[in-house]
Structure formats: structure tokens, C-alpha cells
Amino acid sequence: MKIKNVTIAGTGVLGSQIAFQSAFKGFNVSIYDINDDALEKANERLIVLKGRYVEDNYGTKEEVDNAYNRISQYTDLAKAVEHADLVIEAVPELLPIKQDFYTKLSAVANEKTIFASNSSTMTPSQIVDFTDRPEKYLHLHFANEIWKLNIAEIMKHERTSDEVFETIIEFAKDIAMIPILLHKEQPGYVLNTLLVPFLKAAMQLAADGVADPKVVDKTWMISTGAPIGPFAFLDIIGPNTPYNLYKAWGDQGDELSAKVAAWIKSEYLDKDRMGTANGKGVYDYPNPAYQTPDFLK
Ligand code: NAD
């Protein structure tokens, strides 16, 4: 099967990007969100994306205008998915919301329609039973700023059919993603399975007073030849997500996590050092120290 019509459900940070990228690559796209207010916000996001694509030399003004015009908007789920070959779900990362969404979607979607979730932290098994089509359900996980960080992690579960897996691999390629195939379920996919423990180790070294953040980065960069260390990466992510994770682990009784949470709070949140988002983090932006030739001396 070849995908032609795509519906994106949930038009927030990621949903709007997936919709715009799919339209930019020539697919007919419909977007669905819960009310007119949400669609208005989606519209603002799409207009920002048009600007970003042109700024980044990813598309011409004419191409982004054409992409925008290929997107139709709905608050009625049945209408939004009427012609869909594929529904990509990017609704909030809360199980009851996903459950409610897939129950309603299953009631109105065409039999041929494939469902793919962009969930970051859930596995297909946690969601699939809310759908009426396990063989046509899988995960298709994008990274924020998908036109630049263009990987798509494609994760099957035991009952996903091989044909559906292949169809989604082709779709990912067609929207200019590099498909990363996961042949079985893995919480965190490939990227976060590697990245989360790596960043955790870096923060523990700093928060425990073993080594300064810049020394940690320097060690990683010199010894692996990588262009960026864990703390430069954390500046891109921003301190909020790590803080929330460590705070939760600390509250569950893990002492080192509590120490890391306190450190992120005092060094970053309390000093309004939010990373690249506001130009101040472990490094100052633009022109962070780790990009200067002296940094590795
Ligand atoms: P977001 O909060 O920016 O957007 C969620 C959207 O879903 C909003 O537009 C909201 O109005 C809408 N929504 C709420 N309830 C809904 C419902 N019942 N039906 C349809 N739409 C509904 O969230 P986000 O950051 O774009 O995340 C969405 C999904 O994408 C999550 O599963 C998340 O794990 C995943 N994801 C996020 C990122 C990221 O960097 N933000 C990266 C990869 C994957």
C-alpha cells in the first residue's frame, strides 16, 4: 500500500511539524484537534514553520505556501480521517487521553487506515488494545525540529504486520526522514535508550562535585572526537525536563537523584539559565565556549 492521505491528530509542538513536513513533501494532509482554539494555535505554529523552513534554506517561499495550502483543518474526527491512509497521533503524553483518542478513532476510521503513534515514552503494547486493529498499529517517533533532525524511529510490536511496517518505512523516507527500524519493543526507542543514561551520568558527575560540567564535555569531546558534549546537549534540551525527572526519582527516595535535582534548580532554574532557549545555560550563546579552538586545550 502507498500512503497518499495523512491525518495528524494533535497539532501541538510535534503534530504541527509532522503535518507541515508531510505537506511539504506533497502529501494531502488533514489536521485534527479538539477545538477551534487549538486549531488557531496550530495555524500560528504552521505559519512559524513556513518562516523557519525558508530561513533554514529548506524550502522556497512558494514551496512553503503550497505546503500550507495542502493542509486542511478539522475539529470533527470522522471528517478529519475520512480519506486517511495513515493517522499519526501526537496527542498529549497521558495514557487516558491516548486511550480515549484511539477508542474514538477506531469507531470512525476506515478499515484500511494505519494508526501510528508519536509517543515518546510509551510502548505500542501500552496503547494497542485501545485500537481495533493491532496489525495496523505501530509507533513512528520523530525528533523536535523534524526538518533538521530528520530521524524517524519506527517501532513494531508483536502483532504489527510486516506489510504495515514496510509501508511506514517507505512513508518515512518519502517525507525525508532517515528511518530507524526497531524490530521489537523498546522503551525509549534507540535514541533515548542511549541518551538518557549518558546524560544522567554527566549530571551526576557534576552534581556530586566530581568534575565541572565543562570538564565533562571536554573529556567526551577529546576522547571520542564528538563535536558536542553532554552538557552542551543539555543546554539544547533545557533544564526543565531533566529537573522534573530527577525531582520525581528523588521524591521516590533516590538520594543521588534528589541531589541532582537540587543542583539543576540552584545552578540553572533559579538563575534563569534555561539553555539555548534564552541564550544562557552551561554555556553562553551564541558562540558557546565549546565551539572555540581553545576549549579542547
Ligand atoms: P503538545 O502539548 O505540544 O500538543 C498536544 C496537542 O494535542 C495539542 O494541540 C492539544 O490541543 C491536542 N490534544 C489534546 N487532547 C487531544 C485529543 N483528545 N485529541 C486530539 N488532540 C488533542 O504536545 P507535543 O509535545 O507535541 O507531544 C505530543 C506527542 O508527541 C506526545 O506523545 C509526545 O510524547 C510526542 N513527542 C514530543 C516531542 C517533543 O519534543 N515535544 C518529541 C517527540 C515525540
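Residue numbers run consecutively from 1 along every chain, following the written order of its sequence. Given that this is a predicted model, residues contribute local features only at a pLDDT of at least 70 and side-chain atom pairs are listed and counted only at 80 or more, while totals for whole chains, interfaces and linings are drawn from all residues. In computing side-chain properties, one takes all heavy atoms of the structure into account and sets aside hydrogens as well as water.

Our focus in this paragraph is the UniProt feature "domain: 3-hydroxyacyl-CoA dehydrogenase NAD binding" (unreviewed entry) in the chain. UniProt positions are given in the numbering used here, feature names are shortened, and annotations may be inferred rather than shown by experiment. UniProt's feature table lists "domain: 3-hydroxyacyl-CoA dehydrogenase NAD binding" (unreviewed entry) at residues 5-184, given in the numbering used throughout. Helix and strand definitions here come from DSSP, where helices need a minimum of 4 consecutive H or I residues and strands a minimum of 2 consecutive E residues; each element is numbered from the N-terminal end. Secondary structure across residues 5-184 divides into 42% helix and 21% strand, with the first and last C-alpha atoms of the span separated by 27 Å.

Once that is clear, we can look at a negative patch on the surface. Here a patch means residues that are over 30% exposed by relative accessible area and free of salt bridges, tied together within 9 Å if like-charged and within 5 Å if nonpolar (Val, Leu, Ile, Met, Phe, Trp, Tyr). All accessible areas in this document rest on Shrake-Rupley with a 1.4 Å probe, and a residue is counted as covered only by the protein chains that are shown. In the sections that follow, a salt bridge refers to a side-chain nitrogen of Lys or Arg positioned within 4 Å of a carboxyl oxygen of Asp or Glu. When charges are counted, neither His nor the chain ends are considered; positive counts come from Lys and Arg and negative counts from Asp and Glu. Charge placement uses NZ in Lys and CZ in Arg. For Asp and Glu, CG and CD serve respectively. On the surface, D36, D37, E40 and E44 cluster together into a negatively charged patch. Its place among the elements puts E44 in helix 2 (residues 36-55).

All axes are obtained by fitting lines to C-alpha atoms, using only the stretch in contact for helices, and the reported angles, taken between N-to-C directions, cover 0 to 180 degrees. Here helix 8 (residues 191-207) crosses helix 10 (residues 230-237) at 110°, and the two axes come no closer than 10 Å. Regarding the angle of helix 8 to helix 10, the classification is roughly perpendicular. In contact with L195, F198, L199, A202, M203 and A206 of helix 8, helix 10 contributes P230, F231, F233, L234 and I237. In the contact of helix 8 with helix 10, the residues fall into eleven nonpolar, no polar and no charged. For classification, angles of less than 35 degrees are called roughly parallel, those exceeding 145 degrees roughly antiparallel, those between 65 and 115 degrees roughly perpendicular, and all remaining angles oblique. A contact between two residues is defined here by any heavy atoms of the two lying within 4.5 Å. Under this grouping Gly is polar, as are all residues other than the nonpolar Ala, Val, Leu, Ile, Met, Phe, Trp, Tyr, Cys and Pro and the charged Asp, Glu, Lys and Arg.

In contact at an axis separation of 7 Å, helix 9 (residues 213-224) and helix 10 are set at 115° when each is read in the N-to-C sense. Where helix 9 abuts helix 10, its residues P213, V216, D217 and W220 lie against P230, F231 and A232.

Definition of nonpolar core: a set of buried residues of the types Ala, Val, Leu, Ile, Met, Phe, Trp, Tyr and Cys, connected through side-chain atoms within 4.5 Å. The buried label applies to any residue whose accessible area, calculated with a 1.4 Å probe on protein chains only, is under 20% of its type's maximum; exposed applies above 50%, and partly exposed to all values in between. The biggest cluster of nonpolar side chains holds 39 residues, and the ones touching the most others in it are I31, L86, I88, L140, F142 and F171. If near-sequence neighbours (up to four positions away) are discounted, L140 is found in contact with I88, A116, S117, N118, A152, E153, I154, I168 and F171. Membership of the second largest hydrophobic core comes to 23 residues, among which are A202, V260, A261 and Y290.

With respect to the element layout, S30 can be found in strand 2 (residues 28-32). Overall, S30 belongs to the buried group, its relative accessible area being 8%. Pairing of N or O atoms within 3.5 Å defines a polar contact, subject to two protein rules: one partner must be a possible hydrogen donor and the other a possible acceptor, and residues neighboring in sequence count only if both atoms are side-chain atoms. A polar atom in the side chain of S30 sits 2.9 Å from the side chain of T7. For S30, the contacting residues outside a window of four places in its chain are V6, T7, I8, S72, Y74 and A80.

Quick look at the site of the ligand now. Close to the ligand lie 22 residues, the nearest being L14, D33, E93, K98 and N118. For the ligand, whose unbound accessible area comes to 840 Å², protein coverage reaches 76%. Going through the elements one at a time, helix 1 (13-24), helix 5 (95-108) and strand 6 (137-142) are the ones with two or more residues in the shell around the ligand. No other element matches the three residues that helix 5 contributes to the shell around the ligand. Summary of the distance rule: residues count as near a molecule or strand when at least one heavy atom falls within 4 Å of that molecule or strand.

Attention now goes to the pairing of strand 7 (residues 151-155). On any regular strand, side chains alternate: one points to one face of the sheet, the next to the other face. Extensive coverage of strand 7 is indicated by the burial of four of its five residues. For two strands to count as paired, DSSP must find a minimum of two bridges between them. Two elements, strand 6 and strand 7, share four bridges in a ladder whose sense is antiparallel. Bridge pairing in strand 7 links H139 to M155. Here five bridges tie strand 7 to strand 8 (residues 178-182), and the two strands are oriented parallel to one another. Bridge pairing links M155 to L182 in strand 8. With its strands directed away from the observer, a crossover is right-handed exactly when the path from the first strand over the helix to the second travels clockwise. For the crossover from strand 7 across helix 7 (residues 162-174) to strand 8, the handedness is right-handed.

This part covers the pattern of salt bridges. Pairs can form between side chains of opposite charge once their charged atoms are near each other. According to the stated counting rule, one finds 22 salt bridges in the structure shown. Measuring nitrogen to oxygen at the nearest pair gives 2.7 Å for the salt bridge that ties D208 to K259. Pair noted here: D208 is in the loop between helix 8 and helix 9 and K259 is in helix 12 (residues 255-269), with a separation of 51 residues, a long-range link. Overall, D208 belongs to the partly exposed group, its relative accessible area being 38%. Of the charged contacts, one joins K247 and D251 as a salt bridge, the two residues approaching to 3.1 Å between their closest N and O atoms. A residue pair is termed a helical-turn pair when its members lie 3 or 4 positions apart in one helix, as K247 and D251 do in helix 11 (residues 240-251) at four residues.

Turning to unusual backbone geometry, a few remarks are in order. In this model, Y285 is joined to P286 through a cis peptide bond whose omega is -5°. For P286, the position within the fold is in the segment after helix 12. Despite not being glycine, E145 has its phi angle at roughly 70°, a positive value. One can find E145 in the loop between strand 6 and strand 7. Taking the relative accessible area as the measure of exposure, E145 reaches 25% and is therefore partly exposed.

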